[in-house]
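Listed below, chain by chain, are the residues.
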Amino acid sequence: MNKKRQRPSPIRPADAAKGAAAESAFRAWLDASVLPHIYVEQSPISVPVPLRGHIKRPDYIVGIPHVGMVAFDVKAKTLYPEGLVFDLDEIRRLRAFARMFRVTIYFACLDPEGGHQAYWVRLDQLDGIPLQHMAKKPVLILPLSQAQPVDMRASFYDAFWDAVFLG
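Residues numbered from 1 in each chain as written. Predicted model: local features only at pLDDT ≥ 70, side-chain atom pairs only at ≥ 80, totals over all residues. Heavy atoms only, no water.

Caption draft 1: Looking closely at helix H3 (residues 156-164). Among the residues of H3, Phe156, Ala159, Phe160 and Ala163 are the ones counted as buried. Buried residues of H3, viewed axially, fall in a sector of 95°; they line one side. Residues of H3 that are buried make contact with helix H1 (13-32), strand E2 (60-64), strand E3 (68-76), strand E5 (104-110), strand E6 (117-122) and strand E9 (148-151). (Buried < 20%, exposed > 50% of the residue type's maximum accessible area, 1.4 Å probe, protein only. Helix = DSSP H or I, 4+ residues; strand = E, 2+ residues; numbered from the N terminus. Arc of directions from axis to C-beta. Contact = heavy atoms within 4.5 Å.)

Caption draft 2: Representation of the pattern of salt bridges within the structure. In the structure shown here, the tally under the stated rule is 11 salt bridges. When the shortest N-O distance is used, the salt bridge between lysine 56 and aspartate 73 registers 2.7 Å. Residue lysine 56 is found in the loop between strand E1 (37-39) and E2, and its partner aspartate 73 is found in strand E3; the two are separated by 17 residues along the sequence. Take lysine 56: its relative accessible area is 12%, and that puts it in the buried class. Residue classification places aspartate 73 among the buried positions, given a relative accessible area of 0%. (Salt bridge = Lys/Arg side-chain N within 4 Å of Asp/Glu carboxyl O.)

Caption draft 3: Looking closely at the sheet that holds E9. Taken in spatial order, the six strands line up as E1-E2-E3-E5-E6-E9 in an open sheet, and their pairing is mixed. The open sheet is flanked by E1 and E9, the only strands paired with a single partner. For this sheet, the mean angle separating the axes of adjacent strands, direction not counted, is 30°. Where E3 meets E5, seven bridges bridge the pair, whose relative direction is parallel. Bridging from a neighbouring strand, phenylalanine 72 pairs with tyrosine 106 of E5. Set on the sheet, H1 makes contact with E1, E2, E3, E5, E6 and E9; between it and E3 the angle comes to about 145°. (Pairing = 2+ DSSP bridges. Axes fitted to C-alpha atoms, helices over the stretch in contact; angles between N-to-C directions.)

Caption draft 4: A look at the packing of aromatic side chains. Tallied over the full model, the rule gives 15 aromatic pairs. Relative to phenylalanine 72, the ring of phenylalanine 26 lies with its centre 5.2 Å away and its plane at 45°, an arrangement referred to as tilted. Placement of the pair is phenylalanine 26 in helix H1 and phenylalanine 72 in strand E3, with a sequence separation of 46 residues. An identical accessibility class is assigned to phenylalanine 26 and phenylalanine 72; each is buried. For the ring pair phenylalanine 86 and phenylalanine 107, a centre distance of 4.6 Å and an interplane angle of 45° mean the geometry is tilted. Taken as a pair, phenylalanine 86 in strand E4 (residues 84-87) and phenylalanine 107 in strand E5 lie far apart in primary sequence, 21 residues in all. On the accessibility criterion, phenylalanine 107 (0% relative accessible area) is buried. Grouping aromatic residues by their ring pairs yields a cluster made of Phe26, Trp29, Tyr39, Tyr60, Phe72, Tyr106, Trp120, Phe156 and Phe160. If you follow lysine 77 out to its NZ or CZ, it ends over the ring of phenylalanine 86, 4.6 Å from the centre. (Phe/Tyr/Trp six-rings, centres within 6.5 Å; stacked < 30°, edge-to-face > 60°. Lys NZ or Arg CZ within 6 Å of the ring centre and 35° of its normal.)

Caption draft 5: How the structure looks around the sheet that holds strand E8 (residues 137-142). Pairing in this open sheet of three strands is antiparallel, and the strands run E4-E8-E7 from one edge to the other. Single-partner strands in this sheet number two, and they are E4 and strand E7 (131-134). Each strand of the sheet is rotated relative to its neighbour by a mean of 50°, with strand direction disregarded. With four bridges connecting them, E7 and E8 associate as antiparallel partners. Within E8, the residue paired with histidine 133 across the bridge is proline 138. Across the sheet, helix H2 (residues 88-101) is in contact with E4, E7 and E8; its angle to E4 comes to roughly 70°.

So, to be careful, I would describe these as geometric facts and stop short of saying anything about function.
Next comes the structure, spelled out in structure tokens:
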């Protein structure tokens, strides 16, 4: 039986502007790093009809020369005392995309007020986080100590190396 998905609530114009600014800052950083990347067009027509509402596309696909690709979903994220808050439905749809396309996805969480400090969270880091509710919405909250701090004044390569370094 197919369950009909509810449409996400519309984004407030001020929040949309902050999100667009964060995506623009991330793109400028990728450009400055002279890194191959593609912005993933976000209109409904870019997803096959049967998958609409079931997958969410990340914002950028980044090519790591001689390694492969990773994807980034860029967010203008407010830091709460509890940590970074992620919408559960969005996480589910990104997980479906990651499975279908066999790609690692990171959230790139930028300060909505601008600045050089950002945090990266790999999608699978949210797998064991307990479900909570904020404003009656199901969310996952990752303590800031578990996010990868990223200084966007440094190169993307340095940030990526820090994110994948196992030592």
